[in-house]
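Here are the chains, one letter per residue:
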Number of protein chains: 4
Amino acid sequence: MIITIRPEASSEERAHLMTLLCRVTESRAPIASTRTAEREVIALDGALIDTQVQQLLLQQPAVAEVLPLKTPYQLVSRSFQTTNTRILIGADHTCDTVTVGEASASPVIMAGPCAVESREQLLKTAHAVKAAGANVLRGGAFKPRTSPYQFQGLGVEGLKLLAEAREQTGLPVVTEVMETEMVDMVAEYADVFQIGARNVQNYALLRAVGKHPSKHPVLLKRGLSSTVEEWLLAAEYIMAAGNPNVILCERGIRSYDPKTRNVLDLTCVPLLQEMTHLPVVVDPSHATGRRELVPTMARASIAAGAQGLIIETHCDPSVALCDGRQSIEPETLTRIIREAKALAHLLHENELVQVA
Amino acid sequence: MIITIRPEASSEERAHLMTLLCRVTESRAPIASTRTAEREVIALDGALIDTQVQQLLLQQPAVAEVLPLKTPYQLVSRSFQTTNTRILIGADHTCDTVTVGEASASPVIMAGPCAVESREQLLKTAHAVKAAGANVLRGGAFKPRTSPYQFQGLGVEGLKLLAEAREQTGLPVVTEVMETEMVDMVAEYADVFQIGARNVQNYALLRAVGKHPSKHPVLLKRGLSSTVEEWLLAAEYIMAAGNPNVILCERGIRSYDPKTRNVLDLTCVPLLQEMTHLPVVVDPSHATGRRELVPTMARASIAAGAQGLIIETHCDPSVALCDGRQSIEPETLTRIIREAKALAHLLHENELVQVA
Amino acid sequence: MIITIRPEASSEERAHLMTLLCRVTESRAPIASTRTAEREVIALDGALIDTQVQQLLLQQPAVAEVLPLKTPYQLVSRSFQTTNTRILIGADHTCDTVTVGEASASPVIMAGPCAVESREQLLKTAHAVKAAGANVLRGGAFKPRTSPYQFQGLGVEGLKLLAEAREQTGLPVVTEVMETEMVDMVAEYADVFQIGARNVQNYALLRAVGKHPSKHPVLLKRGLSSTVEEWLLAAEYIMAAGNPNVILCERGIRSYDPKTRNVLDLTCVPLLQEMTHLPVVVDPSHATGRRELVPTMARASIAAGAQGLIIETHCDPSVALCDGRQSIEPETLTRIIREAKALAHLLHENELVQVA
Amino acid sequence: MIITIRPEASSEERAHLMTLLCRVTESRAPIASTRTAEREVIALDGALIDTQVQQLLLQQPAVAEVLPLKTPYQLVSRSFQTTNTRILIGADHTCDTVTVGEASASPVIMAGPCAVESREQLLKTAHAVKAAGANVLRGGAFKPRTSPYQFQGLGVEGLKLLAEAREQTGLPVVTEVMETEMVDMVAEYADVFQIGARNVQNYALLRAVGKHPSKHPVLLKRGLSSTVEEWLLAAEYIMAAGNPNVILCERGIRSYDPKTRNVLDLTCVPLLQEMTHLPVVVDPSHATGRRELVPTMARASIAAGAQGLIIETHCDPSVALCDGRQSIEPETLTRIIREAKALAHLLHENELVQVA
């Protein structure tokens, strides 16, 4: 259920509403108001409120509207917001900007190395992906590694190198944030917070990027075996905490066949577009784990309606410290971007994409 | 390991080779010669033969060539046959013909109802899918149903209706064969044998369609949770029994998210095209289980390189006896075919498809 | 819905009932009467019949009782038969007999090699498993192999060797039947039909063992990724065809962790005992794929309530042609049987097993 | 590879070793010394070190021993420590103590409500589980919930109630810690840190409980779809950070059958006991998600060799705010504990448990 607050409601009226809500939910659910692009709302699980209480809520002076939704997710729902959310990347630093979720013909391309390894590697790769036509630079400064003995990233030094690469190329930067303590630091250097697959249900971290004053967009990867609903609820945590700029990123789910790293679930793209107004991008690199499959699956992702791609690219994949097996070279990226644009253009021309 | 027989080898030379092979494998592996499009071969698991024996084989007068392959699958391997297999559908009855696996711009479209329910339903749907541009009529006469109390298909009556629909529309017919006893009967009425997901490891059935004198093409669906390798080995059973006309059909694999019926694994399309010379088609209807997702996933399948689509279409999905939830109406099929052709044309023009 | 026929109903009354049922189901569901241990019944999907029709059925002179069941499975349901089904093995040949499903302290142990490889191997192993305390000899004469180039079993020769081993040891024999054409042959030599995991939805085969006049017990393995409900419906196919002697065999399900061959789902044992009256046995050999895990998982299976175990045992696992990695030696079997009996005794003494 | 430091090594010698290691790993892997129960060690990925470097390391005065291990996990490996790790619970507060991992006949039982809901609910349940024979009280003060609108736990108030329950009953307390910021706070009130399934790869949190000066034992739940190796590497993060007191808790893995919440993978118990010296306990409540299956699966867990159980128990499951469906009543717990002890005793008497 989503309760829209009247903009002119007094603080007494708001307080009264809050008290009422706490009483009806018996304090067993968090109650907080949130600001979306257009309005101030309170969202809560519809199952907690019966029709009688709903009537009572509508009589409150602080309340403009009550929208009952039967799904567990609320603010991310397409029923709450029927138009696509458009998210501007790059507004907070001096660099290029790009919008994800635009009903335009061009998908947003995020590219770069799995991990920032050195100044030379990063800058060389950054210039190459820029030249290939990418819109955003990706690169891990903090790396979540299955083993404590693997390379864990360059840390803050890596963040600084990403900022330098942005300065040189104009590309805004997306990088993973793994800990609540690092959110401020990452916000300072990056343009987009990435939440990795392993942290999709790290609720403290979701809340931290949700309430961070920067309101940097959040690239929320799907968990290793998240259902679509669990993933949307992770996005809901971020929105409910105050940040409406969430980009969903499909990166494959765990399955039984060792031939590919994960199973890319492209059907989730049109499914999500039915369920949510948030943009969806696809990461064919982690999904397949094999570089020779990336170009084809990038193309299929665009055909499935993805509004962007995130692709691991390395100036020299053979020496990559991390995930070299799935990294492509900049020349391949050039071809992928050219194809993605041509395909998106064709789909758009033939009105094969939903314009909302 | 694949041993190519010299065409002019005498029967004594052949017998001598067979005896040698039986001896080295200690009779623990079946040894039989098979005829592919171009030559006569004997395939067997490479692990059974060491280098010394390989040398010995090469000295046999019956042997033209020995190709050692490290994979468990042999005849279906791209290493054995580097060019795409092209499979002609419709040659054995008076009707249209169409080739799957052609490096042309047009994917083959198979469409029709899940089950043949009545003369009226089938003929109406058949004419509608023909008008929409489909190349092959699909329809189940024998239905594998999870419960013994569900509609099991019209049986032989259904086969006759399919043949009548072929006569009226010119569309060749693909239909499922579920039992070895029915292979002759199905061969008489149908143009393509379909092996369903539940029978992908029913080896008696695979052998039966493999050695059937009709050599009708076989549409081999992936099993509910087949690995790509297991699936290729199922195709190998058919080829090893003598029928080289196998079409692989991805139809989704089992996973944990109830939002869709299965998870469509589109990555298997480019993966298979690396591993095998056999054509690959996609069934977005069974994969998603929801008609509103079918058009988008049909498009993504073509972008992934699928050489055809098989789509459940019903003249009135709301009354379908089987899988109505995933059946589309003929109007939607018209749009899907138009899109698929446009997309395939674009990909072909830009040389985004592998031409072998 | 299960309709019990009055024993004294006349053939006219029966025919009248059949006609009525065909009319109300609009011929879209198979209608056939079946004989369980105690009565003659007609089972059909309850969803086809509304309350009004149910009233009509009760008024038929042929009808003794109507039991509406909401589950898709009917005859296998614990709601239809509240007492455990007891299945006698070995009654049709001159050999020992043993009952599965008895609420006694001793689980039934089936043991033997994966495949019958030679007279010597089989007889040596058979005597060893008899000495170890096993009740039934297992051994594959026809082997379903993922690759057509692997050892496929000795076929009929293997069946004859199994019969010879029975003669020598007194142990009844369970062996896999893979094709409808072989059901008669297997029935002649074996005491229990085994349906393998790959054939759990081979409905023609399920029907063939269901209607075979021998009424040999059927050991129905769970499919690679069968849900419990799909598996029960496979058992329902057999019962609906006339054979009530079905033993369910959990053998692990497919999952993502390569450390074990499958994931043994022991929770299905108490779950099935709630849902069905059929006995449940466990195959820890195929489930784990590693012999060192078999003794512990055998023990856990008994603690979970399994009424028997089926364990791959080979007189010399290191030279086994098939699944040697998971075969144990007879000495280990001796220990497993001793433990299983002690554990079952303890559970029984403490009334930890459901006695129905 | 695990390098044991000579206790008498000088700080110069240690520094020299560190410099050498940094050089050979090219600073691409973290290097830190850790203290296990008996010695000071440095662990690192064996693949980074070749034989030549290994020789060099052995010549260092700071080095007592070098143990090369081929597995990615090191300190948790059974090859590093062959005896079972015994972990004392309850030493840091005034309460009962209990040891997990002891080769004794009695498994450790942790029981209590999913969430602390109120003083009355917690104290009533705590007294009841104590009376039933439990050794440790479980209860969530901070709850990781899929939706932001669900009850999130009482927070610090919940921790205080747990401490009060410990005072009244003498039971040590295990409770989940979800954020690095809360580790100090949870350490103050609890005896065991629980890391939930969703946080098994939250490496910041693993490190935080690893390096916390309390060295409270850590109950590390398996992730929703962790492989056994990934799970051991999560434990390795904790050990490498300095806390050797890790208890592994199997709680079911995600699968495709909706009949149970998860699939309880009991085979991991003997598998882990081969691979690691850490104790393993089982949570049949979350694994099955249905209270009627808990007693049987508790029994099977003990038979599989689990050294303890963690069982959701509520004084009134019908009003539980969280997971009531899987919570049992105290009477059932009494029976489960009685059975578990009898079974463990039997297994121990018959030497069916590995004593290390």
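Quick caveat: nothing in here was measured; it's all calculated off a predicted structure.

Student: So what's going on with the overall build of chain A? Which residues, and what values?
Tutor: Counting its regular elements, chain A contains 11 helices and 14 strands. Against the globule reference of 21 Å for 356 residues, chain A gives a C-alpha radius of gyration of 21 Å, in line with a compact fold. Principal axes of the C-alpha set define a box for chain A whose edges measure 65 × 45 × 40 Å. Counting over 356 residues, chain A shows a buried share of 65%.

Student: Explain the relation of the copies chain B and chain C residue by residue, including any values.
Tutor: It takes a turn of 180° to lay chain B on chain C, together with a shift of 0.0 Å along the axis; the resulting RMSD is 0.0 Å. The two molecules are tied by a two-fold rotation axis, judged by turn and shift. Same-surface contact between copies: 100% of interface residues of chain B are shared with the interface of chain C.

Student: Before we move on, could you go through the interface of chain B and chain C and cite the residues and values that matter?
Tutor: At the junction of the two partners, chain B supplies 41 residues and chain C supplies 41 residues. Note on chain B versus chain C: buried area summed over both sides is about 3,500 Å², and carbon and sulfur give 53% of it. Here chain B and chain C share two salt bridges between them. Ionic pairing is found between Arg254(C) and Glu230(B), a salt bridge with its closest N-O pair at 2.5 Å. Taken together, chain B and chain C are joined by 25 residue pairs in polar contact (both at pLDDT 80 or more). When residues of the side of chain B that touches chain C are traced back to their parent elements, those giving at least two are α6 (203-211) and α7 (228-240) of chain B. At five residues, the largest contribution of residues to the side of chain B that touches chain C is made by α7(B).

Student: I'd love a proper account of the pairing of strand β7 (residues 108-112) of chain C, names of residues and values included.
Tutor: Residue and element names in this part refer to chain C. Counting buried positions along β7 gives five out of five residues, so the element sits mostly inside the fold. Of the two faces of β7, the one holding Val108, Met110 and Gly112 and the one holding Ile109 and Ala111 are both buried throughout. Bridge count for β7 against strand β14 (residues 308-312) is five bridges, and the pairing is parallel. Bridged to Ile109 within β14 is Leu309. Each parallel crossover has a hand, and for β7 linked through helix α3 (residues 119-132) to strand β8 (residues 136-138) it is right-handed.

Student: Go over unusual backbone geometry with me, naming the residues and quoting the values.
Tutor: Residues and elements named next belong to chain C. A positive phi is found at Lys215, a non-glycine position, where the angle reads about 50°. Structurally, the position occupied by Lys215 is in the loop between α6 (203-211) and β11 (218-221). With a phi close to 60°, Asp323 is a non-glycine residue in the positive phi region. Mapped onto the fold, Asp323 is located in the loop between β14 and α11 (330-349). Among the residues examined, Asp323 registers a relative accessible area of 22% and is labelled partly exposed.

Student: Account for the domain arrangement of chain A, with residues named and values stated.
Tutor: How big an interface is tends to be stated in terms of the accessible area lost upon association of its parts. Along its sequence, chain A is carved into domain 1 (2-67) and domain 2 (87-349). Each of domain 1 of chain A and domain 2 of chain A has a C-alpha centre, and these two points are 35 Å apart.

Student: Requested: an account of the pattern of salt bridges, with residues and values cited.
Tutor: Residue and element names in this part refer to chain C. Summed over the entire model, instances satisfying the criterion amount to 88 salt bridges over all chains. Among the ionic pairs, Lys221 bridges to Asp283, the shortest N-O distance being 2.5 Å. On the criterion of sequence distance, the pair formed by Lys221 in strand β11 and Asp283 in the loop between β13 (280-282) and α9 (284-288) is long-range, its members being 62 residues apart. The exposure class of Asp283 is buried, given its relative accessible area of 0%.

Student: An account of the sheet that holds strand β4 (residues 63-67) of chain B is needed here, citing residue identities and associated values.
Tutor: Residues and elements named next belong to chain B. Here we have four strands laid out as an open sheet, ordered β2-β3-β1-β4, and antiparallel in their pairing. With partners counted over all chains shown, the strands left at the sheet margins are β2 (33-35) and β4, one partner each. Taken pair by pair, the neighbouring strands of this sheet meet at an average axis angle of 30°, ignoring direction. As judged from the three bridges shared by strand β1 (residues 2-5) and strand β3 (residues 40-43), these two strands associate in the antiparallel manner. Along β3, the bridge assignment pairs Ile3 with Ile42. Helix-sheet contacts for helix α2 (residues 51-58) involve β1 and β4, and the interaxial angle to β4 is about 155°.

Student: Explain the environment of Ile49(D) residue by residue, including any values.
Tutor: Residues and elements named next belong to chain D. If you trace the backbone, Ile49 turns up in the loop between β3 (40-43) and α2 (51-58). When the C-alpha atoms of Ile49 and Met1 are compared, they prove to be 8.1 Å apart, with 48 residues separating the residues in sequence. Beyond its immediate stretch of four places on either side in the chain, Ile49 contacts Met1, Val24, Leu44, Gln54 and Leu57.

Student: Lay out the packing of aromatic side chains in plain terms, naming residues and giving numbers.
Tutor: Residues and elements named next belong to chain B. On inspection of all chains with the given rule, the structure shows four aromatic pairs over all chains. Ring geometry for Tyr203 versus Tyr237: centroids 4.3 Å apart, planes at 20°, classification stacked. Separated by 34 residues along the polypeptide, Tyr203 in helix α6 and Tyr237 in helix α7 bring together distant segments of the chain. For the pair Tyr203 and Tyr237, a shared accessibility class is recorded, and that class is buried.

Student: Tell me what's going on with the nonpolar core, and back it up with residues and numbers.
Tutor: One finds Leu220(A), Leu220(B), Leu220(C) and Leu220(D) to be the most contacted residues of the largest nonpolar core, which totals 353 residues. Considering every element that reaches this core, the biggest residue donor is helix α7 (residues 228-240) of chain C, with 10 residues. If near-sequence neighbours (up to four positions away) are discounted, Leu220(B) is found in contact with Ile195(B), Val200(B), Leu206(B), Trp231(B), Ala234(B), Ala235(B), Ile238(B), Val246(B), Ile247(B), Leu248(B) and Cys249(B).

Student: Which residues make up the interface of chain C and chain D, and what are the values?
Tutor: Taken residue by residue, the interface counts 38 residues in chain C and 38 residues in chain D. Carbon and sulfur atoms make up 67% of the area that chain C and chain D hide from each other, which totals about 3,200 Å². Along the contact surface separating chain C from chain D lie four salt bridges. Among the ionic pairs, Arg290(D) bridges to Glu274(C), the shortest N-O distance being 2.9 Å. Our count for the contact surface shared by chain C and chain D stands at eight residue pairs in polar contact (both at pLDDT 80 or more). At the level of elements, α7, α8 (268-275), α10 (294-303) and α11 of chain C are the ones that each hand at least two residues to the side of chain C that touches chain D. Here the side of chain C that touches chain D is composed, by residue class, of 20 nonpolar, eight polar and 10 charged.

Student: Would you mind going over the side chain of Thr175(A) in detail, with residue names and values included?
Tutor: Assignment of secondary structure puts Thr175(A) in strand β9 (residues 173-176). Thr175(A) has contacts with Gly139(A), Gly140(A), Ala141(A), Leu159(A), Leu162(A), Val186(A), Ala190(A), Val192(A), Phe193(A) and Gln194(A), leaving out every residue within four places of it along the chain.

Student: Lay out the state of the cysteines with the relevant residues and their values.
Tutor: Evaluation of the coordinates by the stated rule reveals zero disulfides over all chains. For Cys315(C), which is in no disulfide, the shortest distance to another cysteine sulfur is to Cys114(C) and amounts to 14 Å. Cys268(D) forms no disulfide, and the closest cysteine sulfur to it belongs to Cys249(D), at a distance of 9.4 Å.

Student: Break down the sheet that holds strand β4 (residues 63-67) of chain A for me, with residues and values.
Tutor: Residue and element names in this part refer to chain A. With respect to topology, four strands assemble into an open sheet ordered β2-β3-β1-β4, the strand pairing being antiparallel. The open sheet terminates on both sides in strands that have one partner only, identified here as β2 (33-35) and β4. Across this sheet, the average inter-strand angle for adjacent strands is 30°, counted without regard to direction. With three bridges connecting them, β2 and strand β3 (residues 40-43) associate as antiparallel partners. Along β3, the bridge assignment pairs Ser33 with Ile42. Packed on one face of the sheet, helix α2 (residues 51-58) meets β1 (2-5) and β4 and runs near 155° to β4.

Student: Give a detailed account of helix α8 (residues 268-275) of chain D, specifying residues and quantitative values.
Tutor: Here α8(D) lies mainly inside the structure; seven of its eight residues are buried. Turning to α8(D), its buried residues are Cys268(D), Val269(D), Pro270(D), Leu271(D), Leu272(D), Gln273(D) and Met275(D). Lining the buried residues of α8(D) we find α10 of chain C together with α7 (228-240), β12 (246-250) and β13 (280-282) of chain D.

Calculation notes
- Residues numbered from 1 in each chain as written.
- Chains lettered and ligands numbered in written order.
- Predicted model: local features only at pLDDT ≥ 70, side-chain atom pairs only at ≥ 80, totals over all residues.
- Heavy atoms only, no water.
- Helix = DSSP H or I, 4+ residues; strand = E, 2+ residues; numbered from the N terminus.
- Rg over C-alpha atoms; globule rule 2.2 N^0.38 Å.
- Buried < 20%, exposed > 50% of the residue type's maximum accessible area, 1.4 Å probe, protein only.
- Least-squares fit on C-alpha atoms with pLDDT ≥ 70 in both.
- Contact = heavy atoms within 4.5 Å.
- Buried area = accessible area lost by both parts, 1.4 Å probe.
- Salt bridge = Lys/Arg side-chain N within 4 Å of Asp/Glu carboxyl O.
- Polar contact = N/O pair within 3.5 Å; in protein donor to acceptor, adjacent residues only side chain to side chain.
- Pairing = 2+ DSSP bridges.
- Right-handed = clockwise from strand over helix to strand, strands pointing away.
- Domains from an automatic or database assignment.
- Axes fitted to C-alpha atoms, helices over the stretch in contact; angles between N-to-C directions.
- Phe/Tyr/Trp six-rings, centres within 6.5 Å; stacked < 30°, edge-to-face > 60°.
- Core = buried A, V, L, I, M, F, W, Y, C linked by side-chain atoms within 4.5 Å.
- Nonpolar A, V, L, I, M, F, W, Y, C, P; charged D, E, K, R; others polar.
- Disulfide = S-S within 2.5 Å.

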